[in-house]
Amino acid sequence: ETLDTHRQRGLVSHRALAERAGLGIRGRNNLLITSPNYPGVRLCSLLTELRVNGSSKQIWPYPCKECDNCRQACPAQAIGAKPADFRLDRCMAYLEKVEAKGISPQICGVCMAVCK
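These notes cover the structure that comes with them. What you see is a predicted model; the values in this text were computed from it and never measured.

## Some remarks on the overall build of the chain
- A count of helical and extended segments in the chain gives 4 helices and 4 strands.
- Counting from the amino terminus, helix and strand elements in the chain follow one another as β-β-α-β-β-α-α-α.
- Looking at the chain residue by residue over its 116 residues, the buried ones come to 24%.
- Restricting the contact set of the chain to residue pairs at least 6 apart, pairs at least 24 apart contribute 57%.
- Of the accessible surface of the chain, which amounts to about 8,700 Å², a share of 51% is contributed by carbon and sulfur atoms.

Following this line, the structure appears as structure tokens:
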């Protein structure tokens, strides 16, 4: 459930939960990068009171270290050198421009398409 569409915030971040569980790493494009699927995964979360031992350690080498594909391809210039540099405001502004042309995407997908 999205509570704040402008800032893309919900009750829980599936991506943050998956990262804490050791399923992947947040990449420059601010998506969860997994091995071997890179950002090509769909996430959902099951909330429970059971204790699950997660792993906050990096389980494989950081995939974006030598790669800059998403940053170069991003039409919104929203992707920085580190995941913390991601500019959601630029991404959302680009999506609004696309929507004004009659297309209503939730993401443009360019960063996902070039992530390998």
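## What about the side chain of Asn29?
- As for its position among the elements, Asn29 is in the loop between β3 (25-26) and β4 (32-33).
- In this structure the side chain of Asn29 is engaged in a polar contact, spanning 3.1 Å, whose partner is the backbone nitrogen of Leu31.
- Apart from the residues within four sequence positions on either side, Asn29 is in contact with Cys70, Ile79, Phe86, Cys111 and Cys115.

## Here we look at the pattern of salt bridges
- For the structure on display, the rule yields 4 salt bridges.
- Residue Arg26 is joined to Glu19 by a salt bridge in which the shortest nitrogen-to-oxygen separation is 3.6 Å.
- A relative accessible area of 28% means that Glu19 is categorised as partly exposed.
- The closest approach of N and O atoms between Arg87 and Asp89, which form a salt bridge, is 2.6 Å.
- By relative accessible area, Arg87 is classed as partly exposed at 33%.
- What makes Asp89 partly exposed here is its relative accessible area of 45%.
- Overlapping salt bridges, with partners in common, bring together Arg28, Asp68 and Arg71 in one network.

## Comments concerning the environment of Gly27
- Within the fold, Gly27 resides in the loop between β3 and β4.
- Here the alpha-carbon distance between Gly27 and Phe86, two residues 59 residues apart in the chain, equals 9.7 Å.
- Beyond its immediate chain neighbours, meaning those up to four positions away, Gly27 contacts Ile33, Tyr62, Cys64 and Pro83.

## A few points about helix α3 (residues 88-100)
- In this model, α3 (13 residues) spans 18 Å end to end at C-alpha, consistent with the 18 Å of a helix rising 1.5 Å per residue.
- Three or more residues of α3 are buried, namely Met92, Leu95 and Val98. For α3, the buried positions fall inside an angular range of 115° around the axis, keeping them on one side. Those residues of α3 that are exposed and aimed more than 90 degrees away from the buried face are Lys97 and Ala100.
- Positioned one or two residues after α3, Gly102 has a phi angle of 95°, which is positive.

Cut-off values and rules
Residues numbered from 1 in each chain as written. Predicted model: local features only at pLDDT ≥ 70, side-chain atom pairs only at ≥ 80, totals over all residues. Heavy atoms only, no water. Helix = DSSP H or I, 4+ residues; strand = E, 2+ residues; numbered from the N terminus. Buried < 20%, exposed > 50% of the residue type's maximum accessible area, 1.4 Å probe, protein only. Contact = heavy atoms within 4.5 Å. Areas by Shrake-Rupley, 256 points an atom, 1.4 Å probe, with all protein chains shown as cover. Polar contact = N/O pair within 3.5 Å; in protein donor to acceptor, adjacent residues only side chain to side chain. Salt bridge = Lys/Arg side-chain N within 4 Å of Asp/Glu carboxyl O. Expected span 1.5 Å × (residues − 1). Arc of directions from axis to C-beta.

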